[in-house]
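Breakdown of the fold
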Amino acid sequence: MKVLVLGAGQLARMMALAGIPLNLNIKAYDVASKQVVDPLNLAVTYGDLASGINEADVITAEFEHISHDVLALCQASGKLKPSSTAIKTGGDRRLEKILLESHNVANAKHHIVATRQDFDQALTKLSLPIIFKSALEGYDGKGQWRMKDASQADGVWQEMAEFLAQAKPENPQAIVAEQMVQFDREVSMVGVRKADGSTLAYPLTENHHSNGVLSVSLALASDNALQAQAADIFDKVAGGLDYVGVLAIEFFQVGEQLLVNEIAPRVHNSGHWTQQGADVCQFENHLRSVCDLPLGSTALIRPSAMINVLGTDTVPTDILSLPSVSMHWYGKSKRPGRKMGHINVSGASNEQLYQRLIELARLLPAEDFPDVLPYISAKQQ
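All of the points below concern the structure found in this document.

What counts, and at which threshold
Residues numbered from 1 in each chain as written. Predicted model: local features only at pLDDT ≥ 70, side-chain atom pairs only at ≥ 80, totals over all residues. Heavy atoms only, no water. Helix = DSSP H or I, 4+ residues; strand = E, 2+ residues; numbered from the N terminus. Rg over C-alpha atoms; globule rule 2.2 N^0.38 Å. Buried < 20%, exposed > 50% of the residue type's maximum accessible area, 1.4 Å probe, protein only. Contact = heavy atoms within 4.5 Å. Areas by Shrake-Rupley, 256 points an atom, 1.4 Å probe, with all protein chains shown as cover. Lys, Arg positive; Asp, Glu negative; His and termini not counted. Charge placed at Lys NZ, Arg CZ, Asp CG, Glu CD. Phe/Tyr/Trp six-rings, centres within 6.5 Å; stacked < 30°, edge-to-face > 60°. Lys NZ or Arg CZ within 6 Å of the ring centre and 35° of its normal. Patch = residues over 30% accessible without salt bridge, like charges linked within 9 Å, V, L, I, M, F, W, Y side chains within 5 Å. Salt bridge = Lys/Arg side-chain N within 4 Å of Asp/Glu carboxyl O.

Further remarks concern the overall build of the protein. Scanning the protein for helices and strands turns up 12 helices and 18 strands. Here the C-alpha atoms of the protein give a radius of gyration of 21 Å, agreeing with the 21 Å that 2.2 N^0.38 yields for 381 residues. Buried positions account for 52% of the 381 residues belonging to the protein. Contacts spanning at least 24 positions in sequence make up 61% of the contacts within the protein whose residues lie at least 6 apart. Total accessible area on the protein stands at roughly 16300 Å², and carbon and sulfur atoms take up 49% of it. Between the averaged position of the 33 positive side-chain charges in the protein and that of its 42 negative side-chain charges there is a distance of 2 Å.

Right, here's the structure in full:
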């Protein structure tokens, strides 16, 4: 079976690697060059989007910020999974909020801002502090503003007004104002849904961020009630989108309640641990779903964690001497803050996993991984 992935980054690369044992032929559409390429060797090209659509049996996506004209062509082919509606919803916080509200899914109190009047209404409706997030194209902490004091109002609005003015007329931008949530921790669930409506979910993963970018994800045996709550929310959201494939949902945990922060209609950074911590990883299950193959087990087979490699293209080779440590490079050129790869670590127990993470963190350069050791040390206590 031939699969075309919209996007030619690391997620398409890992899908291609996962598809080889399934005898799937994976190609990727590079949105920058507008060419279909080999996701494992971007220098190899196969033609334009039209030819890629024509040759593919299934089309899917590695990210949600895809131009609407590309999505329309793929949707018209009848081959796109998940649908263009699902992909657009994940790429537009306005549509995301409408989806959550329509299915009574708890999320942060919010207000949509497109004008100064909207902005003033948000300040009346919400309590400080408030976080403002761009409806389109915001990710990894980009396109966000925080307001802690009313005296900041004019300055914050001026910055946002300039941002809104830069939007293309055919794709108007907006800002989602959210009342900041005092949460206990950030967690995510990666799940998978088939066209027949059947779903499976991986265990809840605890996420630690550094400067707005995911730094560490921990997959441990979790509270059954919390897992069930997250799985119920996953089914509501995925069902509401008539979703096919892997979908990730990020949550704020407040006590025993989960509030949805955002959804991602694709394989997700916080699910990379599944490559070593589950029988079938998120990349393979995504392909199984969109190709209408039986889904694989999402059970946690051993406690696992993922550490992002950001902005550096080297790590000490000594990390490979540690038990159950796996390195995954993306083959990208170095750039500050860029996701260059990730490291997966596993253990037979939570205690063993923490110990291995401590050993690993001590080998990693503090300047490149500044808060990994403090975070893991605090978790171990």
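This part is about the packing of aromatic side chains. On inspection of all chains with the given rule, the structure shows 5 aromatic pairs. Judged by centre distance (4.7 Å) and plane angle (15°), the ring pair of Phe183 and Phe252 falls under stacked. Of this pair, Phe183 sits in the loop between β9 (175-179) and β10 (185-193) while Phe252 sits in strand β14 (residues 245-254); the two residues are 69 residues apart in sequence, bridging distant segments of the chain. Residue Phe183 is classed as partly exposed on the basis of its relative accessible area of 34%. Taking relative accessible area as the criterion, Phe252 reaches 10% and is therefore assigned buried. Over the aromatic face of Tyr46 sits the side chain of Lys27, whose NZ or CZ is 4.0 Å from the ring centroid.

Side chains of Leu17, Ile20 and Leu40 sit close together on the surface and give an oily, nonpolar patch of about 270 Å² of accessible area. Tracing the chain through its elements places Leu17 in helix α1 (residues 10-19). The exposure class of Leu17 is partly exposed, given its relative accessible area of 44%.

What follows covers the side chain of Arg356. With respect to the element layout, Arg356 can be found in helix α11 (residues 350-363). In this structure, Arg356 is buried with no salt-bridge partner, the nearest side chain bearing the opposite charge being Glu359 at 6.5 Å. Aside from chain neighbours lying at most four places away, what touches Arg356 is Pro323, Ser324, Val345, Ser346 and Gly347.

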